[in-house]
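Architecture and fold: a report
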Amino acid sequence: MASLDQLKQTFFEECSEALQQLESGLTEIREGGGSDDTINAVFRSVHSVKGGAGIFGFEDLVGFAHVFETVLDAMRSGKMAASHDTVDLLLSANDVLTDLIAMSRAGEPIPADHGAECRAGLERLLGPDGGDADGGEPAPADFEGLDFVPVRVDAGADDTTPRVYQIVFRPKPDMLKNGNEPLPILRELRKLGELALAADTCALPPLGELEPGRAYLGWTGELTTTATRTQVEEVFAFAANDCDLEMAQMSGPEQALPVLAPALDAEAQAAPSVVASPSIVPPEPEPKPKPSNAEPAAPRAAPPLKAAATTMRVEVEKIDRVVNLVGELVIAQAMLGQVVHGLPEETSGRLAQVIDEVSHHTRELKDSVMSMRAQPIGAVFQRMPRLVRELAAKTGKKVRLEMHGENTEVDRSIIERLGDPLTHIIRNSIDHGIETPQARLAAGKNEEGTVRLSADHRGGRIVVEVVDDGAGIDSERVLKKARERGLTSPDKVLNEDEINNLIFAPGFSTAETISDISGRGVGMDVVRRNIQDVGGRITLKSERGRGMTLQLALPLTLAVMDGMVIKVRNETYVLPMSVIVECLRPSGADIKNLMGSSGVLQLRGTLVPLVHLCELLDVGRVAATEERVVIIADAGDGSLFGVIVDELCGHQQVVVKSMEESYGAVAGVAGATILGNGRVALILDVEKLSELAVSSVGTRLDKLDAVPVN
Amino acid sequence: MPSAAALKVLIVDDQNSVRQMTRISLEEIGVRHIHEAENGNTAMDTATLQPLDLIISDFNMPEMDGLGLLRAVRGHPTARRVPFILVTGRGDRELVVKAAQAGANNYVVKPFTADILRQKIEQVIGKLS
């Protein structure tokens, strides 16, 4: 049995779900959508919170929830219109409710005036006579002045007066086959009082014709008991289908049926509008028209964010453990593959087939397990509406938040790391990007700015975009600031993109507008580092006067990835498949050598800069005349470069193991894995490599106009 | 006098925390056989398959509310006689009237103590031993 504390926790979890429903429902209504079901669901959410709060003794919560609920009740019964102002007030009420719940959950004392303004607003909506003022008082056990008389079952019967029933009990022939037995039934009957029964053997055939599985006997007799008729009938309840039962009360007080309004009785018999029971119902003796399965008010359910009835709560550690084990399984199975590879043909043939099947199942297992860890990104997105509302209010700007792709599933490990960067980016957009209503009007824009937050699966990655229609980046100001802070040399010529990317440089911050909103010293460089730490990428596009787009590209998961195993000299490495565009074995004629660089590759009309991996990783010297394999990779900003390696060993799933805890972060290394042969291979961070390549080879590379091959 | 320990009771409420609190109250009264359902449909499954002495249902539930469940039970050939107590919130006066018309045996206002619950149950099936 759960303790009170555990039940309180359960209640607070239910509150979280209710708050989510509230937020999305109210937002829908505000946007002009929202059906009757939406407002009903919103009402129910508050009602549930109030009910549970009452049970667990959170009186402050009850009081506020009650006023909130009363307004919603007026709205759903049509007595109050859902104007913009009203819904905005309700949204604030939701915020207050969220706070009250959080404080109750943490056991913090609730300041007496918390949410007082909002509450007063709600009470004003209700008017002097609307709504009842009993929110603060303890619940009455009964409603005053109501004429409700509890309906007694067995009304009028004195419990101790014995009755006599005459019973005729005839099991049907197939009763035994259906799992029912007469003997336990008779024993139960005997428990109720005095039973005088006689067996009726007239149906019993001669022994030679007796089928052991059939029931032939019946019984008649009298039962003297203080039990009610219902209680006696109940003894036969399970066998109702398999027998014929007659019961007549011979003496003693009669039992009255529960009093039903006569209109209802007739209605229950004939009306097809009552919800029918499922097909297990035994057929009625007088067949009444079987009500069809039409439900009185077919729920036009507004699709919830996630179907509530078919989910289960599992501790995160349990899932992580499974993910780990599956990772080990993938590695072990790769090793098995290697061993088989080395066996003679005759043995390996059949074995290879089986291994193939095993690896197919392992792959599916891995996918299923990873999808368990996947959560809809809406979990992170849901904090944003409130953030936007508060920021807009604080800065006096009008901002609208659009969200798309909330159902996009992302690995849990990434969701956790996404919250802060996203919050900061949106803060930035509203603080610096979106202009004041006057400025926007003057610029010929809509008074209300829009921030569009979206998530999507693209090319093996999760792409999250924050697009605003504000003023974009003021590149002159950025350049000036960067020069002031020594982040770039005064005479270096930079194009607009490069200037905009300066905001990612460490130490850059828009000093004159450090308010408590944008935070102290949390610059875009921290945001970028957060994203890169999870193997993601952040890119920025700004159009002066039109707005800014920030795009975050994140890996689908941190745990397992598709990799290309390569060899350089005697070392084996893994490159993430997601960055590989093409692999080639170019002829010598296509490689042009340029002084001071590793050369360029002529690829279908464009020049792609090359890098010798052996040089970059310092594992050997370049041999000038050998044929090489070139892997064309995406450098992260859309441009391509070619990595020269010795050998391509194949494409496989690798389990990513992080090395950071033991060895710290090493530029160019994203992690490590164990290959099928049991050896460790480092997983390379290609984007970092391209940066290292540029810096090691010198500035010549950026003079080559490498145009992306599209 | 019906024995509390022999009673078979079904609790219906979409909030798990509330179901558990009601269960605790019932156990305090001495009830031992307690079924739970979190919506009207699973409640109907139980009500039609299991012998029940009492149904205690919340009103405020999605898809099928407590009144809907009451009507479904009262309309069902074998379940129709099961006593039904509707759980209502503080502001639900009109609801109680509708519940009476639909055939509820009694109502109880949330939040309730085990004593109040016992009282309400005894008003319907008689003093519990």
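All figures in this text were calculated on a predicted structure; none of them were measured in a lab. (Residues numbered from 1 in each chain as written. Chains lettered and ligands numbered in written order. Predicted model: local features only at pLDDT ≥ 70, side-chain atom pairs only at ≥ 80, totals over all residues.)

1. Notes on the overall build of chain A
How we decide: Helix numbers and strand numbers start at the N terminus; a helix is a DSSP run of H or I with at least 4 residues, a strand a run of E with at least 2. Three exposure classes are used. Buried residues have 20 or more other C-beta atoms within 10 Å of their own C-beta, exposed residues have 12 or fewer, and partly exposed residues fall in between, all C-beta atoms being placed from the backbone. We call two residues in contact when the distance between their C-beta atoms, placed using the backbone, is within 7 Å.
On a plain count of helices and strands, chain A comes out with 20 helices and 22 strands. Burial analysis of chain A (710 residues in total) assigns 29% to the buried set. Contacts spanning at least 24 positions in sequence make up 68% of the contacts within chain A whose residues lie at least 6 apart.

2. Notes on the overall build of chain B
The helix and strand inventory of chain B stands at five helices and five strands. Along chain B, helices and strands appear, N-terminal first, in the series β-α-β-α-β-α-β-α-β-α. A burial count over chain B gives 61% of its 129 residues as buried. For chain B, restricting intrachain contacts to residue pairs at least 6 apart in sequence, the fraction spanning at least 24 positions comes to 61%.

3. Some remarks on the environment of M250 of chain A
Residue and element names in this part refer to chain A. Along the chain, M250 turns up in strand β4 (residues 243–251). Take M250: there are 11 C-beta atoms within 10 Å of it, and that puts it in the exposed class. For M250 and Y165, which are 85 residues apart along the polypeptide, the C-alpha to C-alpha distance reads 5.5 Å.

4. Points about the confidence of the model for chain A
All names here are of chain A. We apply this condition: pLDDT is defined as a per-residue confidence score from the predictor, taking values between 0 and 100.
Averaged over all residues, the pLDDT of chain A is 77; the fraction at 70 or higher stands at 79%. In this model, residues 133–138 is a region of pLDDT below 50 whose contacts with residues beyond four sequence positions or in other chains number five contacts. Across residues 511–521, where pLDDT falls below 50, the model places twelve contacts with residues more than four positions away in sequence or in other chains.

5. Section: unusual backbone geometry
Along the chain, K110 of chain B connects to P111 of chain B via a cis peptide bond; the corresponding omega equals 5 degrees. Note that P111 of chain B resides in the loop between β5 (106–109) and α5 (114–125). At R569 of chain A, a residue that is not glycine, the phi angle is positive and equals roughly 55 degrees. Residue position: R569 of chain A is located in the loop between β12 (560–568) and β13 (571–576). Taking the C-beta count within 10 Å as the criterion, R569 of chain A has 14 such neighbours and is therefore assigned partly exposed. If you check the backbone angles, D618 of chain A has positive phi at about 60 degrees while not being a glycine. Relative to the elements of secondary structure, D618 of chain A occurs in the loop between α18 (613–616) and β18 (629–634). The exposure class assigned to D618 of chain A is exposed, which follows from the 7 C-beta atoms found within 10 Å.

6. Remarks on the confidence of the model for chain B
This prediction gives chain B a mean pLDDT of 89; 99% of its residues lie at or above 70. With a pTM of 0.47, the predicted complex shows an ipTM of 0.88.

7. Digging into the sheet that holds β5 of chain B
Residues and elements named next belong to chain B. What counts is decided by this rule: When DSSP locates at least two bridges between a pair of strands, those strands are taken to pair. Inter-axis angles, ranging from 0 to 180 degrees, are taken between N-to-C directions of lines fitted to C-alpha atoms, where helices are fitted over the stretch in contact.
Pairing within the open sheet is parallel, and its five strands lie in the order β2-β1-β3-β4-β5. Each end of this open sheet is capped by a strand with a single partner; those strands are β2 (33–37) and β5. Looking at each pair of strands side by side, their axes are set apart by 20 degrees on average, direction ignored. When strand β3 (residues 54–58) meets strand β4 (residues 84–88), the two strands line up parallel, connected through four bridges. Across the sheet, the residue bridging to D58 is V87, located in β4. In the packing of helix α1 (residues 16–29) onto the sheet, contacts are made with β1 (8–12), β2 and β3, and the angle to β1 comes to roughly 155 degrees.

8. Some words on the pairing of strand β16 (residues 600–603) of chain A
Residues and elements named next belong to chain A. Relative to β16, strand β15 (residues 591–592) runs antiparallel, the two sharing two bridges. Of the residues in β16, the one forming a bridge with K592 is V600. Pairing of β16 with strand β17 (residues 606–612) involves four bridges; the strand directions are antiparallel. Looking across to β17, one finds that L603 is bridged to T606. The antiparallel hairpin formed by β16 and β17 contains two residues in its connecting segment, where R604 sits at a positive phi of about 45 degrees.

9. Brief notes about the environment of A227 of chain A
All names here are of chain A. Among the structural elements, A227 can be located in the loop between β3 (218–225) and α7 (229–235). Considering only alpha carbons, one finds A227 and L192, 35 residues apart in sequence, at a separation of 6.6 Å. Apart from the residues within four sequence positions on either side, A227 is in contact with L192, G193 and V232.

10. Some words on the packing of helix α9 (residues 316–341) of chain A against helix α10 (residues 345–373) of chain A
Residues and elements named next belong to chain A. Note the following rule: For this classification, under 35 degrees means roughly parallel, over 145 means roughly antiparallel, 65 to 115 means roughly perpendicular, and everything else is oblique. Crossings are assigned a handedness: left-handed for a near helix turned anticlockwise from the far helix by less than a right angle, right-handed for a clockwise turn. Each residue is assigned to one of three groups, with Ala, Val, Leu, Ile, Met, Phe, Trp, Tyr, Cys and Pro labelled nonpolar, Asp, Glu, Lys and Arg labelled charged, and all others, Gly among them, labelled polar.
Between α9 and α10, whose axes approach to 10 Å, the crossing angle comes to 160 degrees. Considered as vectors, α9 and α10 are oriented roughly antiparallel to each other. In the crossing of α9 with α10, the sense of the turn from one axis to the other is left-handed. Residue-level inspection shows I319, V322, V323, V326, L329, V330, Q333, L336, G337 and V340 of α9 in contact with α10, the latter providing S348, L351, A352, I355, V358, S359, T362, L365, K366, V369, M372 and R373. Residues that form the contact of α9 with α10 fall into these classes: 15 nonpolar, five polar and two charged.

11. Quick notes on the sheet that holds β18 of chain A
Residues and elements named next belong to chain A. Here we have six strands laid out as an open sheet, ordered β14-β18-β19-β17-β16-β15, and mixed in their pairing. Taken across any chain shown, the strands that pair with only one partner, and hence form the sheet edges, are β14 (580–584) and β15. Relative to β18, β14 is paired through four bridges, and the arrangement is antiparallel. By the bridge assignment, I580 is partnered in β18 with A633.

12. Concerning the environment of K541 of chain A
Mapped onto the elements, K541 of chain A comes out in strand β10 (residues 537–543). Between the C-alpha atom of K541 of chain A and that of G472 of chain A, which follows or precedes it by 69 residues, the distance is 8.7 Å.

13. Some remarks on the pairing of strand β1 (residues 163–171) of chain A
All names here are of chain A. Of the two faces of β1, only one is covered, namely that formed by R163, Y165, I167, F169 and P171; the face formed by V164, Q166, V168 and R170 stays uncovered. Taken together, the seven bridges between β1 and β3 define a ladder with antiparallel strand orientation. Directly across from Q166, in β3, lies its bridge partner E222.

14. Regarding helix α4 (residues 84–106) of chain A
All names here are of chain A. In plain terms, the rule: Here a helix's expected span is defined as the number of its residues, less one, multiplied by 1.5 Å.
Taking 1.5 Å of rise per residue, the 23 residues of α4 would be expected to cover 33 Å, and the 33 Å separating its terminal C-alpha atoms lies within 8% of that figure. For α4, the complete set of buried residues consists of L90, A93, N94, L97, L100, I101 and S104. Those residues of α4 that are buried lie in contact with α1 (4–30), α2 (36–56), α3 (59–76) and α5 (116–126).

15. Focus on the packing of helix α12 (residues 384–395) of chain A against helix α13 (residues 412–433) of chain A
Residues and elements named next belong to chain A. One can describe the packing of α12 onto α13 by two numbers: an axis separation of 10 Å at closest approach and a directional angle of 30 degrees. Taken together, the axes of α12 and α13 lie roughly parallel to each other. In the crossing of α12 with α13, the sense of the turn from one axis to the other is right-handed. Along the contact surface, α12 presents M384, L387, V388, L391, A392 and T395, while α13 presents T423, I426, R427, I430 and D431. Residues of the contact of α12 with α13, tallied by class, amount to seven nonpolar, two polar and two charged.

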